[in-house]
Amino acid sequence: MKRSSILCSLVLILTISCNPKSDATAELFGSTWELEYISGPRIAFDGLFPNKKPQISFDQESGKVLGNDSCNGYSAEYTLDGNTISFGEPGPTTMMFCGGGERQFLTMMQKIDGFALEEGKLNLLIGEVPMMRFTKVEP
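All values derive from a computational prediction rather than experimental measurement.

1. A look at the pairing of strand β6 (residues 114–118)
Burial of β6 is extensive: four of the five residues sit out of reach of the surface. Pairing of β6 with strand β7 (residues 121–126), which is carried by five bridges, proceeds in the antiparallel orientation. Each bridged residue has a counterpart across the sheet, and for G114 the counterpart in β7 is L125. In sequence, β6 turns back onto β7 through a hairpin of two residues, with E119 there showing a positive phi of about 50°.

2. With respect to the nonpolar core
Residues F58, F87 and M132 are the most contacted members of the largest nonpolar core, which totals 28 residues. In terms of residue count, the dominant contributor to this core is helix α4 (residues 101–111) (four residues).

3. Looking at the side chain of S31
Within the secondary structure, S31 is located in the loop between α2 (23–26) and β1 (32–38). Residue classification places S31 among the buried residues on the basis of a relative accessible area of 15%.

4. Points about the environment of M131
Note that M131 resides in strand β8 (residues 129–137). The spacing of M131 and I38 is 93 residues in sequence and 5.7 Å in space, taken between C-alpha atoms. The contacts of M131, once residues within four sequence positions are left out, are Y37, I38, S39, M108, I112, L124, L125 and I126.

5. Some thoughts on the confidence of the model for the protein
Residues shown with low pLDDT carry predicted positions that ought not to be read at fine detail. Taken residue by residue, the protein gives an average pLDDT of 82. The fraction at 70 or more is 78%. Looking at the elements of the protein, mean pLDDT is at its lowest for helix α1 (residues 2–18), recorded as 42, and at its highest for β7, recorded as 97. Of the regions scoring below 50 in pLDDT, residues 4–22 engages in one contact with residues more than four places distant in sequence or in other chains.

The rules behind the values
Residues numbered from 1 in each chain as written. Predicted model: local features only at pLDDT ≥ 70, side-chain atom pairs only at ≥ 80, totals over all residues. Heavy atoms only, no water. Buried < 20%, exposed > 50% of the residue type's maximum accessible area, 1.4 Å probe, protein only. Helix = DSSP H or I, 4+ residues; strand = E, 2+ residues; numbered from the N terminus. Pairing = 2+ DSSP bridges. Core = buried A, V, L, I, M, F, W, Y, C linked by side-chain atoms within 4.5 Å. Contact = heavy atoms within 4.5 Å. pLDDT = per-residue confidence, 0-100.

Here it is as structure tokens:
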């Protein structure tokens, strides 16, 4: 009885540790995330995004993110490997100018190299430093 319990425990541990797509990664998909914090700019968050906050959605099938940079729609390819992530050059966007917030957001996305999901929040990281924090938007 003791041997079978140990064997079952080992199988369970190996199954969990060898699974490359954790439940945390799965949480990225099927949701829209809205920016609530961005590091770096010397302008207050509400000054950067006075009317609308940037949003991002991950499309697992196409390997693209889609969203709004607070002013214009955008899309970009992304690469995901464990907790590392990188974003390609944002694709065609509409050409409205609404201030500097949208440029700050898209420029920061290009620098991101990791992510963490904690307490229902999505943190996009440079190294281990959270540079952008998102919260889920209810449909």
